[in-house]
Structures are given as structure tokens and as C-alpha cells.
Amino acid sequence: MTTATPARSATAKAHTALPSPASLRAAAQAAAARGEPLVVMTTLSGCPYCDLVRNHYLLPMRREGTVQAVQIDILDRTSNLQGFGGGNTTPADQARTWKARFAPTVLFLGPNGQELAERLVGVAVPDFYGEYLQARLSEARSKLK
């Protein structure tokens, strides 16, 4: 009989979830320093469409180093999140500020929090989602240059 060690469990979790940033401003500035937009996915626990976007698109791209992606839970009213202006908020309040009412919503942000490309809201046509995502990333990258 084998059991998972805590370190393995934490490592496994790190490979199945996008990080939740402590600071949107710091995350966006780090992404911009690499010439990339910050990709933020709003998520909900148990959301199958969020799992689809996370597991089939954003996590593989993040592992390959081709995208800087994070997630925020639109119902999280307890975690502290530093916004782009430097003040503290919660993930739920930040999602409300962005008017990101649906999960998943994927935003493409510059170093000051400006949207660089049209956001992707929901998953209307899963077969074409990857193409929509790549088009938005290309647009956002071109605006960073």
C-alpha cells in the first residue's frame, strides 16, 4: 500500500490549478517584462467549463512557458488581492469591478490593468476555443510592443 506524501500532493495540485495571485499589479508587470499579457481566468469551484479552459488550454500553455496565466474565484470574498492601483480587494470584488459575471471569463491585461484584447466569456464553441484564445493572445501581444 502506498500513500501520497504531502509534498507530492502539493506538487500534483500545482500542476492541476492555475495560481491565484496575491498582487495583480505584480503579476501583470512580471508578464509584461517577458513581453506577455497577463491572462486572468475567473473561475468557480465545480465549473466544468472552467476546468475545460484551465486543463486543456491555459495550464498546458503555462507549462510550456507560452502564457502567463492566473485565476481568481469570483465567489472568494475572504482572500486578499492587491489590485492594479495598489489597494487591497478580494477576488470577488475584483471580478465585480471587471463586470466578469460569468465563469470562465478570460481577460488579457497589460501592466497597468488595461484590457489588451476582447475578453473570452464562457465556452460557446469548444471546438474553436483554442483558435479564439490564440487570436486574443496575438492581439494582446501586439499591443504590448
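Residues numbered from 1 in each chain as written. Predicted model: local features only at pLDDT ≥ 70, side-chain atom pairs only at ≥ 80, totals over all residues. Heavy atoms only, no water.

(A) View of the packing of helix 3 (residues 48–64) against helix 5 (residues 129–144). Closest axis-to-axis distance for the helix 3/helix 5 pair is 11 Å, and the angle between their directions is 40 degrees. One way to sum up the angle between helix 3 and helix 5 is to call them oblique. In the packing of helix 3 onto helix 5, the handedness of the crossing is right-handed. For the pair helix 3 and helix 5, contact is made by Val53, Tyr57, Leu58 and Met61 and by Tyr129, Gly130, Leu133, Gln134 and Leu137, respectively. (Axes fitted to C-alpha atoms, helices over the stretch in contact; angles between N-to-C directions. Helix = DSSP H or I, 4+ residues; strand = E, 2+ residues; numbered from the N terminus. Parallel < 35°, antiparallel > 145°, perpendicular 65-115°, else oblique. Left-handed = near helix turned anticlockwise from the far one by under 90°. Contact = heavy atoms within 4.5 Å.)

(B) Spatial organisation of the pattern of salt bridges. Applying the stated rule across the entire model yields six salt bridges. A salt bridge links aspartate 93 to arginine 96, with the nearest nitrogen and oxygen atoms 2.8 Å apart. Separated by three residues within a single helix, aspartate 93 and arginine 96 lie in helix 4 (residues 91–97), roughly one turn from each other. Overall, the relative accessible area of 29% leaves aspartate 93 in the partly exposed class. A salt bridge links glutamate 139 to lysine 143; the shortest N-O distance between them is 3.1 Å. Here lysine 143 and glutamate 139 lie together in helix 5, a separation of four residues that amounts to about one turn. Judged by its relative accessible area of 32%, glutamate 139 falls in the partly exposed class. (Salt bridge = Lys/Arg side-chain N within 4 Å of Asp/Glu carboxyl O. Buried < 20%, exposed > 50% of the residue type's maximum accessible area, 1.4 Å probe, protein only.)

(C) Geometry of the packing of aromatic side chains. Under the criterion given, the structure shown has one aromatic pair. Considering the side-chain rings of tyrosine 57 and tyrosine 129, the 5.2 Å spacing of their centres and the 50 degrees angle between planes classify their relative orientation as tilted. With a gap of 72 residues between them, tyrosine 57 in helix 3 and tyrosine 129 in helix 5 connect regions that are remote in the sequence. Using a relative accessible area of 18% as the deciding quantity, one classes tyrosine 57 as buried. Here tyrosine 129 falls in the buried class, since its relative accessible area comes to 2%. (Phe/Tyr/Trp six-rings, centres within 6.5 Å; stacked < 30°, edge-to-face > 60°.)

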